[in-house]
Amino acid sequence: MNASPKLKTQGPGRPKDMEKRAAILDAAKALFTQGGFAGTSMDAVAASAGVSKLTVYSHFGDKDNLFREVIRAHVQERLPDDLFDFSQGADIRATLTNIASRHAAMETNTESVGTFRAILSDCHNGGNPRFGRLVWEEGPVRMHKLMQRLLEGAAARGQLDIPDVSRATTQFLALLKGDLLIRRLFGCEDCAVQFAEEVKANALAAVDMFMRAYSPRNVSV
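Not measured: the values here are computed from a predicted model.

A. View of the environment of L160. With respect to the element layout, L160 can be found in the loop between α7 (130-156) and α8 (165-177). In this structure the C-alpha to C-alpha distance between L160 and R217, which are 57 residues apart in sequence, comes to 9.4 Å. Excluding residues that lie within four positions of it along the chain, L160 makes contacts with I92, L151, A154, A155, F210, M211, Y214, S215 and P216.

Here's what the structure looks like:
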């Protein structure tokens, strides 16, 4: 990787700074999806965002950090932390259904699939796996932590009966994926409308199966 200017990253500041930051993230999302990490330059990001390369570096420090922020923003926009808050009186089925629907839609949308393809391409033939690890940490690892915390709360309130919450979290996320992501990666969805309906149906079926497995025995599901 080319050496980058040694500049200190800055946090969000004035509205104009926030606008530039958002423009850089939007440009980087599109370019990383199209060209992968190796095929995207900071010059290209700056040009696409309509800012100087110095501005890109001042906001994000280097390309690695910019890529991490792109992944983080992509996930946070669709699955914000507060979606996993399980407050007193909340219904676990309704909460899981909301998460399942949004997670399934995110995993199978064009932007996510493009990112997965770019990462796989960069890791191919001895490529540096740190980019794949970065996506793993910002996506699945974060999701697992949030889901585990939610399920622990539901179990503590007696809405679920789960002997091993970590394993149950993995099971729930696996149910959400089904074969939909791999089909999208391979371009095997026959009809966009039909595929979108399958994504929704699979999310609902995942919640139903999970509730049947982990609802307390004396509670109707």
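B. Layout of the pattern of salt bridges. A full pass over the atoms with the stated rule returns 13 salt bridges. Between R167 and D164 there is a salt bridge, with the nearest N and O atoms lying 3.7 Å from each other. Look at D164 and you get partly exposed, because its relative accessible area is 35%. Residues D208 and R212 are paired through a salt bridge, measuring 3.1 Å at the closest nitrogen-oxygen approach. Remark: R212 and D208 occur in helix α10 (residues 192-214); sequence separation between them is 4 residues, near one turn of the helix. By relative accessible area, R212 is classed as exposed at 52%. Through salt bridges with shared partners, one network takes in R21, R68, E69, R72, E137 and E138.

C. Local environment of the UniProt feature "DNA-binding region" (unreviewed entry) in the protein chain. As recorded in UniProt, the sites labelled "DNA-binding region" (unreviewed entry) are residues 41-60. Between the C-alpha atoms that bound residues 41-60 there is a distance of 14 Å. The span itself is 80% helix and 0% strand.

What counts and how
- Once a new chain begins, its residue numbering starts again from 1 and follows that chain's sequence as written.
- Totals for whole chains, interfaces and linings use every residue, but because this is a predicted model, local features are given only for residues with pLDDT of at least 70 and side-chain atom pairs only at 80 or more, for both listing and counting.
- The basis for every side-chain value is the complete set of heavy atoms in the structure, and neither hydrogens nor water enter the calculation.
- Numbering of helices and strands starts at the N terminus; helices are DSSP runs of H or I of at least 4 residues and strands are runs of E of at least 2.
- Throughout, a contact is declared for two residues whenever any of their heavy atoms are within 4.5 Å.
- What makes a salt bridge here is a side-chain nitrogen of Lys or Arg within 4 Å of a carboxyl oxygen of Asp or Glu, nothing more.
- Under the scheme applied here, a residue whose accessible area is under 20% of the maximum for its type counts as buried, over 50% as exposed, and between as partly exposed, the area being computed with a 1.4 Å probe on protein chains only.
- UniProt positions are given in the numbering used here, feature names are shortened, and annotations may be inferred rather than shown by experiment.

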